[in-house]
Amino acid sequence: MPRLILFNKPYGVICQFSGDGSRPTLADFIDVPGVYPAGRLDQDSEGLVLLTDDGRLQARIADPRHKLAKTYWVQVEGTISDEALAKLRSGVRLKDGKTRPALAERLDPPDLWPRDPPVRFRKTVPDGWTALTLREGKNRQVRRMTAAVGFPTLRLVRWQVGDWTLQGLAPGAWRAVDVR
């Protein structure tokens, strides 16, 4: 039976097992031989990373051809407008092409752990949250999409991949789950 690990990657952690020692890596949190991340999450992002020892499962999770839904909770600068949400839902033109349509909804501020370092706070500029669900994975796509519609990303947390969520996982914690 393949192993599948759900990991809540903290901000600043590199999504690989080796590094140059200047920043924490997956090896600082997960001591399970033979597992590898199924996809990546950049160091400025937090949240769900799936790791497995099964190549087919890794491809099914990470390969955009399989269009596995990934949901991100995004704190943006400003109160996201209906017009911006509509653009996200229809696809956004980026330098490397137009994105696929996303599910995009306003989100009440979620009850998340504090980020270290904290997100910058500006008294004169409000912030808001949105939930974005994508079925593709361009480099830094969520950040580029929100910026393209006028709402730069302040904090990005991947909450869900397929049916797997971060529910009950503290930053830096992981758990093994059965693969269906």
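In this text the structure is predicted, and so the values were computed from the model without any measurement. (Residues numbered from 1 in each chain as written. Predicted model: local features only at pLDDT ≥ 70, side-chain atom pairs only at ≥ 80, totals over all residues. Heavy atoms only, no water.)

Asker: What is the right way to look at the overall build of the chain in this model?
Answerer: Of regular secondary structure, the chain possesses three helices and eleven strands. Over its C-alpha atoms the chain spans a radius of gyration of 16 Å, differing by no more than 12% from the 16 Å that the globule rule assigns to 180 residues. When its C-alpha atoms are laid out on the principal axes, the chain stretches across 45 × 35 × 30 Å. Counting every position in the chain, which comprises 180 residues, the buried fraction comes to 47%. Sequence-distant contacts in the chain: of pairs separated by 6 or more residues, those separated by 24 or more amount to 71%. Accessible surface for the chain amounts to roughly 9700 Å². Of this, 50% is attributable to carbon and sulfur atoms. Of note, the chain has its 29 positive side-chain charges centred 6 Å away from the centre of its 21 negative side-chain charges. (Helix = DSSP H or I, 4+ residues; strand = E, 2+ residues; numbered from the N terminus. Rg over C-alpha atoms; globule rule 2.2 N^0.38 Å. Buried < 20%, exposed > 50% of the residue type's maximum accessible area, 1.4 Å probe, protein only. Contact = heavy atoms within 4.5 Å. Areas by Shrake-Rupley, 256 points an atom, 1.4 Å probe, with all protein chains shown as cover. Lys, Arg positive; Asp, Glu negative; His and termini not counted. Charge placed at Lys NZ, Arg CZ, Asp CG, Glu CD.)

Asker: Would you mind going over helix H3 (residues 141–148) with me for this structure?
Answerer: The α-helix advances 3.6 residues per turn, and as a result positions three or four apart in sequence lie on the same side. Buried residues of H3: Gln 141, Val 142, Arg 143, Met 145 and Thr 146, and no others. Close packing links the buried residues of H3 with strand E4 (70–77), helix H2 (82–90), strand E5 (93–94), strand E8 (127–134) and strand E9 (153–161).

Asker: I keep staring at the pattern of salt bridges and nothing clicks. Help me out?
Answerer: Overall, the coordinates contain nine salt bridges when judged by the stated rule. The shortest N-O distance in the salt bridge between Asp 53 and Arg 3 comes to 3.2 Å. Of this pair, Asp 53 sits in the loop between strand E3 (46–52) and helix H1 (55–62) while Arg 3 sits in the segment before strand E1 (4–9), and the two are 50 residues apart along the sequence. Looking at Asp 53, the relative accessible area reads 34%, which means it is partly exposed. Residue Arg 3 is classed as partly exposed on the basis of its relative accessible area of 35%. (Salt bridge = Lys/Arg side-chain N within 4 Å of Asp/Glu carboxyl O.)

Asker: Mind showing me how you'd approach the nonpolar core here?
Answerer: One recurring pattern in soluble globular proteins is that nonpolar side chains are buried together. Grouped together as the largest cluster of nonpolar side chains are 28 residues, with contacts concentrated most on Leu 51 and Leu 88. Elements with a contribution of two residues or more to this core: E1, E3, E4, H2, E8 and H3. The residues touching Leu 88, leaving out its near neighbours within four places in the chain, are Ile 80, Pro 101, Ala 102, Ala 104, Leu 132, Met 145 and Val 149. (Core = buried A, V, L, I, M, F, W, Y, C linked by side-chain atoms within 4.5 Å.)

Asker: Just to check I follow, could you spell out the environment of Arg 115 for this structure?
Answerer: Along the polypeptide, Arg 115 turns up in the loop between strand E7 (103–107) and E8. Look at Arg 115 and you get buried, because its relative accessible area is 12%. Those residues within four positions of Arg 115 in sequence are excluded, and the remaining contacts are Tyr 11, Glu 46, Leu 154 and Arg 155. A polar side-chain atom of Arg 115 sits 2.7 Å from the main-chain carbonyl oxygen of Pro 117. A polar contact of 3.5 Å, which involves the side chain of Arg 115, links it to the backbone oxygen of Leu 154. (Polar contact = N/O pair within 3.5 Å; in protein donor to acceptor, adjacent residues only side chain to side chain.)

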